[in-house]
Amino acid sequence: MDQGQAVTAPETEDRVTDRHASDRLVLQRGVFTGPSARVSDDLYATVKGKVERQRQALRLEKGARVDTNTYFGRFAASYWQRWTTVTAVEAAMTLEVSGRVRIRLAASDIAGHRRVVDFADVSTDGRVVLRAPLNQFVDGGALWLEFEALGGGVTVSELAWTAAAPERIRPVAVAICTFNRADDCAATVAALASDPAVLDLVDSVYVVDQGTDAVETRALYQETAPRLGAKLHYLRQPNLGGAGGFTRGLYEVSAREGEPVDILLMDDDILCEPETVLRLNAFANLTTEPTLVGAQMLFLLNPDYLNVSAEEVHLNELRHGQKVPKALRNTSMLKHHQERRVDAGYNAWWTCLIPAEAVAEIGLPLPIFFQWDDVEYGLRARKAGFVTVTLPNAAVWHADFYWKDYDDWARYFSMRNSLIVGSLHTDLDPKAVSRRLLRELSEHLVAMQYGLAHTTLQGIEDFLQGPSVLRDGGRAALAAARSGRGDYPETVQHPMPTAPVRSSDIQLRRATGEPSRPLLVLIKRAILQWTGRTQHGIIGVTREDAYWWHVSLFDHVVVTDASQAGVRIRRRDKARAMRLLVRTLRVLRRLQRELPELTAQYRAAVPELISRENWERLYRS
C-alpha cells in the first residue's frame, strides 16, 4: 500500500472481518487504564479531546485522538524480532463507528524516529486488522497505534496484537513467595484472578506462605479462592527466605507428571499488572529456544518511573543489580521511551518466568535464603544455554529500593552470598577481592557505621565456614544477623521527635561533591577519626548527603534513615573501631589465603545443595 495516499474502499474492506482468528496467539492486549488509581492512565494511552476509558475499551467522541505510544501501549517489536519466531504481527480490534475513524500503525527505530507502517480509514462496524512485518527492528524500535475520530464517535474494544500460534501453547504456573505480608499477597492473588484471559492461561497458582501472619486468614484471599478453584495451592512451610519460597514453587511444578509447565515466580508485595502475565507467557511460547523471560520493575511509590529495565552482574566486584549499558533506570515513562534493545544478564524474581526445560536441565536454586539466589540461577541457566530476556512494556510495581537503608541485616546475606555466587561462576582473585572488601569496610568504619561493618564481616566469616553454613537453609544465619546488630546503637532507627538529642543542638551540614582522589581522602578521614580531630557537636546530615567522606568529618551525627521514617545516630567510638579493624584484617587475611580451596568446596557441593532431596529435607525441618 502507498502510505502517502488515502485508503480506498476495497483496501479498507480487506481489513474488516467478523471472525476472531483461532490460529493466532494473543501477544498483548490493548489496555487503556491501570489496575489501581495510583497509576497514571497515560502509561497506557494518551488522549486529546473527549475520551472515555475502560480497562480494555475506548470511546472517542468526534475529533478526539488516542495515542498508544506509551509504556504499556507499545509493542516491543525489537525484542520480538530478535528472540522469537514471529516475523509479522497483526493488530486487530472491534470498532463501533458512528462517523469515521482513522487508524495508524506506527513504528519507531533506535533513535525514536516515527514512521507509519499501515493505516486504515473505517466507517463501518466490525473487526479491523492492521499488519506489520518484524523486519526492521534488530537494534531497537517499537510499534503502536494511533486513533482519530472523524465525523462522529467511535468505540474501540477487544484490541489484540497477535501472531501465528505455535503448535502447542504451554500454560504457566504462578508461584508467589510470602512472609508476613498477608494483605499484599492476598491483593496479588486477587489481581491474577481478576482477569479471565489471564486466568485461562494460568495452569495453577502456588502461594508459599512462610510467615506467622497467614494469608489464608484474609477476607480478600477467602473471597478470591473460589474463583481460582482447584488451580489454587496454599502451602505452609518454615521460613527459608525468598530462595526457599520460590524454590518450593519450582519444586512442586517440576514434579508433576504430564506436559511441561513453565513457572512464573512473583513477589508478594508488588502491585500486579495482570496483562504482564499474558505478555510474558506469550513471549515464552514463541522464543526460538527456551528462555527466561522477566518483567521490568516500576516504582511503587513513584509509579510513572521505571526502576529496573535490564540488569547484569559484575562478579569480580561482588556487585549485582548493575544497569546494562544504555538501559534506562530511574526514568519517567511518561517522558521517555525504550527504543534501544538491551540484553539482560539475569532478571530478579519480582516477576520472572522460568521455562520448564531450564528447571529440568539445571535443577533447583541454591538454599542461600535471600539475596543473589535469582542471580545465581540466571547465571547457571545461561551457562546451560538458557538466556534471559527482560521484556519492555511488561512490568509490575515494586517497593522502591532507595527507601530501604543500606545499613540493614540484609547486608549479611548480600555479602556472604556474593562470595558464594562469585566463587561458583568465576575465578575470583583473592588479593583483588580482599583489597575491595578492605576498602568497603574502611569506609564503613570512618563513617561510624560499626554495625554495618560487623554485619559485613559476619557474612565473610560465614562464607569461610564452607558449604556447611547452608545446611539449615539460612534460619540460624538470619537470627544471628539480626541479633548481632543489637550491640551497635547506630543501627537503631529513632522517630525524629523523640530521638535522644535536642533538636536545638543539631547543626545541619550539606555535603560537597565527590572527592577526585577518594583513596587519599579515605586515609585522611581515618586519621581524623583516629586522632579525634573531627568537628564536635551534634551534626545533622540528610539521607542524600550521607556519604562516608562527608559523615566522617564529624564525631556525632544524626543521619536520616533511607525510609524517611526516622534517624540513625552515629558517634565516634575509637575502641570499637579498633576492634573491628583488627577483626577485618584477620578475616581478610584468611579469605585471601583460603579462597581457592573454598571455591573448590562450594563448587563440589552444588549438586547436593540443589538436589530435590536436600530441599525435601529443608521443607520437612
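Relevant structure appears above.
The shown structure was predicted, so the numbers you read here are calculated from the model rather than taken from an experiment. (Residues numbered from 1 in each chain as written. Predicted model: local features only at pLDDT ≥ 70, side-chain atom pairs only at ≥ 80, totals over all residues. Heavy atoms only, no water.)

Trainee: How should the overall build of the protein chain be read in this particular structure?
Mentor: Across its full length, the protein chain holds 17 helices and 27 strands. Radius of gyration (C-alpha) of the protein chain: 27 Å, near the 25 Å computed for a compact globule of 621 residues. Seen along its three principal axes, the alpha-carbon backbone of the protein chain occupies a region of about 85 × 60 × 45 Å. Within the protein chain, the fraction of its 621 residues that count as buried is 58%. Counted over contacts in the protein chain with a minimum sequence separation of 6, partners at least 24 positions apart contribute 79%. Of the accessible surface of the protein chain, which amounts to about 25500 Å², a share of 50% is contributed by carbon and sulfur atoms. Computed over 76 positive and 77 negative side-chain charges, the inter-centroid distance for the protein chain is 8 Å. (Helix = DSSP H or I, 4+ residues; strand = E, 2+ residues; numbered from the N terminus. Rg over C-alpha atoms; globule rule 2.2 N^0.38 Å. Buried < 20%, exposed > 50% of the residue type's maximum accessible area, 1.4 Å probe, protein only. Contact = heavy atoms within 4.5 Å. Areas by Shrake-Rupley, 256 points an atom, 1.4 Å probe, with all protein chains shown as cover. Lys, Arg positive; Asp, Glu negative; His and termini not counted. Charge placed at Lys NZ, Arg CZ, Asp CG, Glu CD.)

Trainee: Honestly, the sheet that holds strand β6 (residues 65–67) in this entry has me stumped. Any pointers?
Mentor: Pairing within the open sheet is antiparallel, and its five strands lie in the order β3-β6-β11-β8-β9. In this open sheet, the two edge strands, each paired with only one partner strand, are β3 (46–48) and β9 (114–122). Across this sheet, the average inter-strand angle for adjacent strands is 15°, counted without regard to direction. (Pairing = 2+ DSSP bridges. Axes fitted to C-alpha atoms, helices over the stretch in contact; angles between N-to-C directions.)

Trainee: What is the right way to look at the packing of aromatic side chains in this model?
Mentor: For any pair of aromatic rings, the description rests on two quantities: the centre-to-centre distance and the angle between the ring planes. One pass over the structure, following the stated rule, counts 22 aromatic pairs. With centroids separated by 5.6 Å and ring planes inclined at 40°, the aromatic side chains of phenylalanine 370 and tryptophan 409 adopt a geometry described as tilted. Linking phenylalanine 370 in the loop between α8 (356–362) and α9 (373–383) with tryptophan 409 in the loop between β23 (388–398) and α10 (410–425), this pair joins segments that are 39 residues apart in sequence. Their ring planes at 85° and their centres at 6.2 Å tell us that tryptophan 409 and phenylalanine 413 sit as a pair that is edge-to-face. Every member of this aromatic cluster is reached through a ring pair, and the members are Phe369, Phe370, Trp409, Tyr412 and Phe413. (Phe/Tyr/Trp six-rings, centres within 6.5 Å; stacked < 30°, edge-to-face > 60°.)

Trainee: Teacher, can you tell me more about helix α14 (residues 518–531) here?
Mentor: Because an α-helix packs 3.6 residues into every turn, residues spaced three or four apart end up facing the same way. Taking 1.5 Å per residue, 14 residues should reach 20 Å; α14 reaches 20 Å between its end C-alpha atoms and fits that length. Residues of α14 that are buried: Val521, Leu522, Arg525, Leu528 and Gln529. Projected down its long axis, α14 carries its buried residues within an arc of 125°, all on one side. The inward-facing, buried residues of α14 contact α11 (430–446), α12 (450–463) and α15 (548–551). Just downstream of α14 lies glycine 532, where phi reads positive at about 75°. (Expected span 1.5 Å × (residues − 1). Arc of directions from axis to C-beta.)

Trainee: How should the environment of isoleucine 420 be read in this particular structure?
Mentor: Residue placement: isoleucine 420 occurs in helix α10. Take isoleucine 420: its relative accessible area is 1%, and that puts it in the buried class.

Trainee: Can you walk me through the sheet that holds strand β26 (residues 556–560) in this structure?
Mentor: Adjacent strands of a sheet form backbone hydrogen bonds with each other and so pair up, either parallel or antiparallel. Pairing is mixed in the open sheet, where four strands are placed in the order β24-β25-β26-β27. Of all strands in the sheet, those with a lone pairing partner are β24 (506–508) and β27 (567–571), marking the two edges. Each neighbouring strand pair of the sheet contributes to a mean axis angle of 30°, computed without reference to strand direction. Relative to strand β25 (residues 538–541), β24 runs parallel, the two sharing three bridges. Looking at the pairing, isoleucine 506 lines up with isoleucine 538 of β25.

Trainee: Which parts of the structure should I look at to understand the environment of valine 375?
Mentor: Counting through the fold element by element, valine 375 comes out in helix α9. Among the residues examined, valine 375 registers a relative accessible area of 0% and is labelled buried. Along the sequence, valine 375 and proline 365 sit ten residues apart, while their C-alpha atoms lie 10.0 Å from each other.

Trainee: Is there a simple way to explain the pattern of salt bridges in this structure?
Mentor: Between side chains of opposite charge, pairing is possible as soon as their charged atoms come close. Applying the stated rule across the entire model yields 40 salt bridges. Where glutamate 273 meets arginine 55, a salt bridge forms, and the shortest distance between an N and an O atom there is 2.4 Å. With glutamate 273 in the loop between β16 (262–267) and α7 (274–286) and arginine 55 in the loop between β4 (51–54) and β5 (57–60), this pair connects stretches of sequence that are 218 residues apart. With relative accessibility at 0%, the residue glutamate 273 sits in the buried group. Across the salt bridge formed by glutamate 357 and arginine 170, the nearest N and O atoms sit 2.7 Å from each other. Here arginine 170 lies in the loop between β12 (154–164) and β13 (172–178) and glutamate 357 lies in helix α8, a separation of 187 residues in the sequence. Relative accessible area serves as the criterion here: at 12%, arginine 170 is assigned to the buried category. One salt-bridge network, held together by shared partners, links Asp405, Asp407, Arg485, Asp561 and Arg568. (Salt bridge = Lys/Arg side-chain N within 4 Å of Asp/Glu carboxyl O.)

Trainee: Please clarify how the nonpolar core should be interpreted in this entry.
Mentor: Nonpolar side chains in soluble globular proteins tend to be buried together. In terms of nonpolar packing, the biggest core is built from 88 residues, with Leu60, Trp80, Met93, Leu95 and Leu143 touching the most fellow members. Filtering out sequence-adjacent residues up to four positions away, leucine 143 remains in contact with Arg74, Phe75, Ala77, Val89, Leu105, Ala106, Ala107, Val117, Ala132, Leu134, Phe137 and Trp161. (Core = buried A, V, L, I, M, F, W, Y, C linked by side-chain atoms within 4.5 Å.)

Trainee: Would you mind going over the pairing of strand β20 (residues 319–323) with me for this structure?
Mentor: Residues in a regular strand project their side chains so that they alternate between the two faces of the sheet. Alignment of strand β19 (residues 311–314) against β20, held across three bridges, turns out to be antiparallel. Of the residues in β20, the one forming a bridge with glutamate 312 is glutamine 322. With antiparallel pairing between neighbouring strands as the criterion, β19 and β20 make up a hairpin whose turn holds four residues, including leucine 318 at a positive phi of roughly 60°.

Trainee: Looking at this structure, I do not really get the packing of helix α3 (residues 182–193) against helix α5 (residues 219–228). What am I missing?
Mentor: Helices that pack against each other are described as a pair by the angle of their axes relative to one another and the distance between those axes. It is the contact of α3 with α5, at a shortest axis distance of 9 Å, that shows an interaxial angle of 30°. Of the possible angle classes, the one that applies to α3 and α5 is roughly parallel. Pair α3 / α5 crosses with left-handed handedness. When α3 is examined against α5, the residues Ala186, Ala187, Val189, Ala190 and Ala193 are found in contact with a partner set consisting of Leu220, Tyr221, Thr224, Arg227 and Leu228. (Parallel < 35°, antiparallel > 145°, perpendicular 65-115°, else oblique. Left-handed = near helix turned anticlockwise from the far one by under 90°.)

Trainee: Sorry if this is basic, but what is going on with α9 here?
Mentor: With nine of eleven residues buried, α9 lies mostly within the body of the structure. Phi turns positive, to about 100°, at glycine 385, one or two residues after α9.

Trainee: Looking at this model, I keep getting lost on the state of the cysteines. Mind explaining?
Mentor: Joining two cysteines, a disulfide is a covalent bond between their sulfur atoms. In this structure the tally under the stated criterion is zero disulfides. As a non-bridged cysteine, cysteine 177 has cysteine 185 as the owner of its nearest cysteine sulfur, 8.9 Å distant. The buried category is assigned to cysteine 177, whose relative accessible area is 9%. Overall, cysteine 185 belongs to the buried group, its relative accessible area being 0%. (Disulfide = S-S within 2.5 Å.)

Trainee: Mind showing me how you'd approach unusual backbone geometry here?
Mentor: A negative phi angle is the norm for most residues apart from glycine, just as the trans form is the norm for most peptide bonds. Although it is not a glycine, phenylalanine 369 sits at a positive phi angle of roughly 70°. In this structure, phenylalanine 369 sits in the loop between α8 and α9.

Trainee: Even after reading the chapter, I still don't get a nonpolar patch on the surface, so can you show me in this structure?
Mentor: Where nonpolar side chains cluster on the molecular surface, the patch consists of Leu438, Trp530, Met578, Leu581, Val582 and Leu585 and spans about 460 Å² of accessible area. Looking at the nonpolar patch, the element that brings in the most residues is helix α16 (residues 574–609), giving four residues. (Patch = residues over 30% accessible without salt bridge, like charges linked within 9 Å, V, L, I, M, F, W, Y side chains within 5 Å.)

These values are about where atoms sit, not about what they do.
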